[in-house]
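In case you want the letters, here they are:
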Amino acid sequence: MERGEIVHIDTPKTIADGAQTQHLGKLTFGIMKEKVHKIITVTDEELVSCMKFFGERMKMVVEPTGCLGLAGLKKLVRNGDIPANSRCGVIISGGNVDMSRYCELLLS
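(A) Region of the structure containing the overall build of the protein chain. From N to C terminus, the protein chain includes four helices and zero strands. Each helix (α) and strand (β) of the protein chain, taken in turn from the N terminus, gives the series α-α-α-α. The buried share among the 108 residues of the protein chain stands at 23%. Put simply, of all contacts in the protein chain between residues at least 6 apart along the chain, 62% involve residues at least 24 apart. For the protein chain, the exposed surface amounts to about 7900 Å²; the carbon and sulfur share of it is 53%.

Here it is as structure tokens:
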């Protein structure tokens, strides 16, 4: 986004397989240029923490990629970019995870 053009990168090393994208498509990039004001990253550890939260508190199985929104929101709150008492919505998606791998991640 900083360059103002689509950039090709190496495949990211992450447990969030849906985020292992090497570049954005033209349509997505155009929308993001218009609508996105900030991009943040989260760690695999932050994703696992959210997976545990969803499993323990919400009784939901959510794959790592589906946890990106909550992990990002938690980071923004922790960093003071969003006040802790704000009302925010997070889209939760993705239950397409191998249960053995899911359990392995939760126990890590």
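(B) Quick peek at the pattern of salt bridges. A complete count under the given rule lists five salt bridges for this structure. The partner of Lys-38 in a salt bridge is Asp-81, and the shortest N-O contact between them spans 3.3 Å. Taken together, the residues span a long stretch of sequence, with Lys-38 in the loop between α1 (26-35) and α2 (44-57) and Asp-81 in the loop between α3 (68-78) and α4 (99-107) at a distance of 43 residues.

(C) Structural detail: the nonpolar core. If you look at the biggest cluster of nonpolar residues, it comprises 14 residues, and the most contacted ones within it are Ile-15, Leu-47, Cys-50, Met-51, Phe-54, Cys-67 and Leu-105. No other element matches α2, which puts five residues into this core.

Conventions and cut-offs
- Residues numbered from 1 in each chain as written.
- Predicted model: local features only at pLDDT ≥ 70, side-chain atom pairs only at ≥ 80, totals over all residues.
- Heavy atoms only, no water.
- Helix = DSSP H or I, 4+ residues; strand = E, 2+ residues; numbered from the N terminus.
- Buried < 20%, exposed > 50% of the residue type's maximum accessible area, 1.4 Å probe, protein only.
- Contact = heavy atoms within 4.5 Å.
- Areas by Shrake-Rupley, 256 points an atom, 1.4 Å probe, with all protein chains shown as cover.
- Salt bridge = Lys/Arg side-chain N within 4 Å of Asp/Glu carboxyl O.
- Core = buried A, V, L, I, M, F, W, Y, C linked by side-chain atoms within 4.5 Å.

Geometry only, nothing functional implied.
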